[in-house]
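As a plain string of letters, each chain reads:
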Amino acid sequence: VECATVALAEAGWWVNMGHTTRDAVETCRRRCNHQPDPQKPQWIQRPKLAISVRNPYTYYQSDYAYTRMAAKDESIKASSWEWLRMSPQREKFGVGTAKSPLASFENWVHFVVFNRTTYTLTARLTRVCGIPCKYDYALRTESLEKDLNRALQHARVPVGPLQLPRFNE
């Protein structure tokens, strides 16, 4: 989403917050509030929150692939590899052995499910928008262009439709 919305951010229509926290989102919302315009409905005037979500299976496939690449090439940054590499329990995970989370995708899924409860997609969304997660738009990675254009049209942002390039298929 960050790459897809650079032009919107430069035009002042969008703020990219990346991997953030609920407190940062709320601070941003407070700062972005402006004087109400009695000519416009309230829902149009308040800042909107768009979150990006992904099919969990493809997310973990991608994270596994990037973590494996980061383990072999230090120029590649992957938060999962940094966490695993720096973990005081590194030996418990058998890094470098057949039981390593990096040895197979099956091991990776087992590792995520049983050892990293803070690493799940649910945990990441909770960190961004709390419980319950209060957002205006959910942008799915699998249909990002369509979802982003629908959100921009609904929010009456005078751009679009945007055509987004595809990377990391």
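Let us look at the structure shown here. Since the structure is predicted, the reported quantities are computational estimates derived from the model, not experimental observations.

Points about the pattern of salt bridges
Thinking step 1. As enumerated under the stated definition, the model contains 2 salt bridges in all.
Thinking step 2. One salt bridge connects R140 with D147, and the closest N-O pair in it is separated by 3.2 Å.
Thinking step 3. Assessed through its relative accessible area of 36%, R140 is described here as partly exposed.
Thinking step 4. The partner of D147 in a salt bridge is R150, and the shortest N-O contact between them spans 3.9 Å. Of this pair, D147 and R150 both sit in helix α8 (residues 144-154), separated by 3 residues, roughly a single helical turn.
Thinking step 5. D147 gets classed as buried once you look at its relative accessible area, which sits at 5%.
Thinking step 6. Overall, the relative accessible area of 48% leaves R150 in the partly exposed class.

Some points on the nonpolar core
Thinking step 1. Y59, Y60, Y64, A70, A78, W81, L102, W108, F111, V112 and L121 form the largest nonpolar core, which has 11 residues in total.
Thinking step 2. Looking at which element gives the most residues to this core, the answer is helix α4 (residues 56-72), with 4 residues.

Focus on α4
Owing to its 3.6 residues per turn, the α-helix aligns residues three or four sequence positions apart on the same side.
Thinking step 1. Along its 17 residues, α4 runs 24 Å from first to last C-alpha, staying within 8% of the 24 Å computed at 1.5 Å per residue.
Thinking step 2. Considered for burial, the residues of α4 that qualify are Y59, Y60, D63, Y64, T67 and A70. The buried side chains of α4 occupy one side of the element, clustering within an arc of 135° when seen end-on. Exposed positions of α4 whose direction lies more than 90 degrees from the buried face are Y57 and K72.
Thinking step 3. For α4, the side-chain oxygen to backbone nitrogen distance between the N-cap and Y57 is 2.8 Å, and the N-cap itself is N55.

What counts as what
- Residues numbered from 1 in each chain as written.
- Predicted model: local features only at pLDDT ≥ 70, side-chain atom pairs only at ≥ 80, totals over all residues.
- Heavy atoms only, no water.
- Salt bridge = Lys/Arg side-chain N within 4 Å of Asp/Glu carboxyl O.
- Buried < 20%, exposed > 50% of the residue type's maximum accessible area, 1.4 Å probe, protein only.
- Helix = DSSP H or I, 4+ residues; strand = E, 2+ residues; numbered from the N terminus.
- Core = buried A, V, L, I, M, F, W, Y, C linked by side-chain atoms within 4.5 Å.
- Expected span 1.5 Å × (residues − 1).
- Arc of directions from axis to C-beta.
- Polar contact = N/O pair within 3.5 Å; in protein donor to acceptor, adjacent residues only side chain to side chain.

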